[in-house]
Amino acid sequence: MARVSHKRVKQLLNEKRSKITDRQFFTSRILAGHFEDMAMAQTRRYKYNRRIHVAISWSPKSGEVACTNNLSVLINAGHKLVTRNRGRENRYETVCGLFAHELGHCLYTDFLAGQTYDNYLSRGKWYPAAPIYKLPMDAANERALWEYAKREPQNMEMLRYIAHQISNVIEDAYIENRILAQFRGTLGNCLEALREQQYESIPTVTELIEKEDDGSCHTFESILQIMLSYVKFGEIKYGDAPLRDERIQVVFKLIHDLDAAIVNPSGKERLKAVNLILIRCWDYIEDFLELCKKRQEAAKASGSDESLAETLAQILQAIAGSTSCGEGTSTPVPEMGTACIAASAGKRAQTAAQAEASESEECSASEATIPQTDSESKPSSADASQTENPAEEGTVACETASLSGGKQEVSTEEGGRIPYQQTERVSEGGGGTINRNDAYVREHYDRAAEDINRLLDKMAERAACEQLENERTRELNEVAQNISYGDIHAGIDIRVNRISTIDEDLVDQYNAVAPPLLDISRQLQKSLLQQLKDKQRGGKQTGLMMGRRLDAHALCRNDGKVFYKNALPNEIPQMSVGLLLDESGSMCSCDRCTYARASAIILYDFCQALHIPVTVYGHSTSGSGVELYSYAEFESIDNDDKYRMMDIAARGSNRDGAALRFVAEQLAKRPEEVKILILVSDGQPAASGYYGSAAEEDLRGIKQEYRRKGILFIAAAIGEDKQNIERIYGDAFMDITDMNQLPVKLTAAVKKHMRV
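A short tour of the structure in this document, coming up. Predicted, not measured: the structure shown is a model, and the values here were computed from it.

Rules behind the numbers
- Residues numbered from 1 in each chain as written.
- Predicted model: local features only at pLDDT ≥ 70, side-chain atom pairs only at ≥ 80, totals over all residues.
- Heavy atoms only, no water.
- Pairing = 2+ DSSP bridges.
- Helix = DSSP H or I, 4+ residues; strand = E, 2+ residues; numbered from the N terminus.
- Axes fitted to C-alpha atoms, helices over the stretch in contact; angles between N-to-C directions.
- Patch = residues over 30% accessible without salt bridge, like charges linked within 9 Å, V, L, I, M, F, W, Y side chains within 5 Å.
- Areas by Shrake-Rupley, 256 points an atom, 1.4 Å probe, with all protein chains shown as cover.
- Salt bridge = Lys/Arg side-chain N within 4 Å of Asp/Glu carboxyl O.
- Lys, Arg positive; Asp, Glu negative; His and termini not counted.
- Charge placed at Lys NZ, Arg CZ, Asp CG, Glu CD.
- Buried < 20%, exposed > 50% of the residue type's maximum accessible area, 1.4 Å probe, protein only.
- Polar contact = N/O pair within 3.5 Å; in protein donor to acceptor, adjacent residues only side chain to side chain.
- Contact = heavy atoms within 4.5 Å.

Turning next to the sheet that holds strand 3 (residues 72–76). Ordered by their spatial adjacency, three strands build an open sheet running 1-3-2, and the pairing between neighbours is mixed. The strands lining the two open edges of the sheet, one partner per strand, are strand 1 (53–57) and strand 2 (66–68). Strand-to-strand twist of the sheet, defined as the mean angle between neighbouring strand axes without regard to direction, takes the value 15°. Two strands pair when backbone bridges link them, and strand 1 and strand 3 are joined in this way by five bridges, in the parallel orientation. Paired with Ala55 across the strands is Leu74, a residue of strand 3.

Glancing now at a negative patch on the surface. There is a patch of like negative charges on the surface, built from Glu207, Glu210, Asp213, Asp214 and Asp240. Looking at the element boundaries, Asp214 is found in the loop between helix 10 (205–213) and helix 11 (219–233). We classify Asp214 as exposed; its relative accessible area is 56%.

This part takes up the pairing of strand 14 (residues 711–717). Burial of strand 14 is extensive: six of the seven residues sit out of reach of the surface. One ladder, built from seven bridges, connects strand 11 (residues 674–681) with strand 14; its direction is parallel. For Leu677, the partnering residue across the bridge sits in strand 14 and is Phe713. Alignment of strand 14 against strand 15 (residues 733–734), held across two bridges, turns out to be parallel. By the bridge assignment for strand 15, Ala716 is matched with Met734.

Before going further, it helps to spend a moment on the side chain of Glu633. Take Glu633: it is sitting in the loop between strand 10 (625–632) and helix 22 (641–644). Although Glu633 is buried, it makes no salt bridge; Arg498 carries the closest opposite charge, 4.6 Å away. Engagement of the side chain of Glu633 in a polar contact is seen with the side chain of Ser630, the distance being 2.5 Å. Leaving out residues up to four positions away in the same chain, Glu633 has contacts with Arg472, Leu476, Arg498, Val614, Thr615, Tyr617 and Asp641.

The following block contains the structure:
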């Protein structure tokens, strides 16, 4: 056999290479194996031993460019995003960037949390928690969302798809931040090149508005496009659109939540941002979904069998810079416990500054309002939006697991469990061997005794608190029997009821409704703390709108705050507060009891934070007797009074005089200088043998008696009986026309007396 010429071999190689088309190159198993090996090499740091399968196709007519199911990565190298690049090297760079993006989903996306989110949403519930109201219209938007979702089955299907798309936008930004921060070699460089292409393809806001005008785009699509532009690239392509444009303003109002979401390693926190976006953009989403339904009906009339989901997918595929939503059933790789750094930090800071400047120019901050809450346990008017405790569902693997193996430290908190899932197959391993370890020595865990002692301490504490609470209840009943209620209440049984042990249901209910209410409390505290500090400190107070002395240094101000005064240091008067809630049967209508409960939670948190002694009681009747319900006492034993307030409910009738005298007596014993008794009621006294003008005269007499003892009365009416309450309590009456303002106004009344 003749010897082969090396020159000839080289020539043949060059010929074959020149004949390999891009389609053959990109769809070859060799290239797919190259990416698989690259993924295996890069992910060993996470002990992520499952091999990721890669499949590359060539489908120029397909709208999908890349996706993953957490077992395989699928890339369409024939997509125009790839083929519009000239040269194979540039196209390879784009394909590698797509692979880096999908690898980020495999590593960092919490698919299990996303699946749980979809399951909850399909049942009409938020996961992992209901959105926190930050704007006045948020509560109304949430109610409208759930009403729309329950109206037709297809509405819920579309809502789930929209939520999935919003989640994918945030998830894309998060996983790309992680890839760029941790893979600075080939993967990071190729992803950066892909991002530059995607940013160039994003239209300006002006162009989006033009598309809306010609009917090829909807306002919600524009908002989603602007949102994607910001979360991924840190800037918005405004074009000629002013910053006050409604689309830009929607994103500006979400900018801080978006910034927090795209760097948070917790998938649950990112899903909370999705919930907020859904209610914040609901007006646009609802209009967009109705438009999609009309398009689908028109397509169906023309003979098409296209589903609503397909119609939505077809429309939203046009959003530049987005990729297909990933699917999977696993949690992300173990985190290092720190948030990643967002890409394009400088551009983000510049955009955030533009948002703040726009906000300061356009409007001033509005007073916080209370969101409507469910009558049992949820900050929503719809039962369907009730949030369950994620820890009970067990949807997340323990995040504190040690990456180095060995025994883990035991914790008192639930780390999470993975729920049962319907699966089709298990993943393949990346190879392995069976070895025998004859040198194994037990791993020492030195905190076993400490763990047991902690559990014993906890059991002992619970038993002690239960005993003390039972003793307190007996003492309260003895006090109640020794009070002189007057002839009108002679022969009436008085009983004080108090929960001795808090069960988990009350804790779960409180945790579900408390966040937005506590936000209101914190805002009210913040508005008062500085005033209190200034009053205690005294000195020169500047920035006043009125006064006798001009501040020469402030004459350049445009807001008119150019006066100052010298104030002497003053002590803040000591104060105690008693809150008495009407729990009569009529409180069940129009969510009155819900607002009363919300008021109690906010006022209690406000007083606790400012170290104001506070007691909270409810009252109703049982037969001819008066039932008092102790929710919070001045001296707490177990610090669980906030959970007891979840037991506030509508019950029987209301014999106000006996209940009012009992709480007034408790306040009268307090040593504080200022004592405020707040009564929240929905109307006039109404119980067996206790109603009409005689009952009202009894209440007026109680008010006058305890006023002479230094107790200030505030009577807030809920409902249509404001005239009756005002007739009874006179100048102590507080007009609550809008029940949304009830908690805020009650707390503001306390603030007013603190500044005395």
